[in-house]
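The chain contents come next:
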Amino acid sequence: LTDIGLTKSREPFTRLLTQGMVIKDGAKMSKSLGNTVDPTEMVKKFGADTIRLFILFAAPPNNDLEWSDRNVEGAHRFLNRVWRYVEENAAKLKEYGKVIPMSGLKDAQLRELKRKIHTTIRDVTHDISDEKQFNTAIARLMELTNAIYSANGDSPEAWELRREAVDVLLNCLSPFCPHITEELWEMLGHENMLCAESWPAVDESSLTKDSVTIVVQINGKVRGKFERPAGMDRDELQASILSEGYIAERIAGKDLVKVIVVPDKLVNIVVKG
């Protein structure tokens, strides 16, 4: 094909991903060894979505996969957990659907949930599109599910965020589990099919942290970690750390040589004496 100009490379693709083998009982799964699993029976018992989820979550696609009936059951429990949350809260969730920007949220817990929603979109998109690491993408969706279950409050803002989180969860989970997510999408009152929806977009303003952990070193040795508001400038951060009781005691009576400040990350204090 390259000789007649139909392609620009010797192969009709630019990247090759070779999947690993499926291992069971310590050996490659094969009919000759009698260690195969009947997919029809597994699908009848757990559903196709569970089997897909387990296979994609058990290992990166280029690694060998160790078959485990127990882990199949774990994938099934996760999907049941997603189903149960949507089913039990569908009536309430259907009342909401307005996306609240980060700037409209004052409650710290709600801001953290908003941040979790959009870091999940960002990271899952990267895992799938760039890294082809489907197992880590699924792990992030499990973390988002935990965050949804942990969300507190009965205010309209709290429910708007829950609705946004569930919509994002179902959308990002749909490539792995298209059947259950389509059912739940319809249960939430959406008129269009989920498979026809656009991939969720990241709101960059929702990724900014409210606070950060500052590592404090004295003469190169870590002497503490302190929470500070994100975005403090160098002078503010330096003054704040130097006035911290524990740090002030450690440098009392010593000559301050210099202070190295890396905003939102590090303060290194160099002293003599």
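Since this is a predicted model, take the numbers as computed values, not measurements. (Residues numbered from 1 in each chain as written. Predicted model: local features only at pLDDT ≥ 70, side-chain atom pairs only at ≥ 80, totals over all residues. Heavy atoms only, no water.)

Novice: So what exactly am I meant to see when it comes to the layout of surface pockets here?
Specialist: Gaps left between atoms are located by rolling a probe of water-molecule size over the structure's atoms. As a volume, the largest pocket reaches approximately 250 Å³. Around the largest pocket sit 16 residues that line it, and V99, E164, D167, V168 and P200 are the ones nearest its centre. A per-element tally of the lining of the largest pocket places helix 6 (residues 156–173) first, with six residues. Per-class residue counts for the lining of the largest pocket are six nonpolar, four polar and six charged. (1 Å grid on protein atoms, 1.4 Å probe; cavity = no way out; pocket = protein on both sides within 12 Å on 5 of 7 lines; lining within 4 Å. Points joined across faces, edges and corners; volume = space filled by probe spheres on them. Helix = DSSP H or I, 4+ residues; strand = E, 2+ residues; numbered from the N terminus. Nonpolar A, V, L, I, M, F, W, Y, C, P; charged D, E, K, R; others polar.)

Novice: I tried to follow empty space enclosed by the protein on my own but got confused; where do I start?
Specialist: Under the definition given, this model contains one cavity of 30 Å³ or more. Approximately 40 Å³ is the volume found for the largest cavity. If you go around the largest cavity, the residues you meet are V82, Y85, V86, T145, I148, Y149, V166 and L169. Looking at the lining of the largest cavity, the elements that each hand over two or more residues are helix 3 (69–93), helix 5 (134–150) and helix 6. Among the residues forming the lining of the largest cavity, the class breakdown is seven nonpolar, one polar and no charged.

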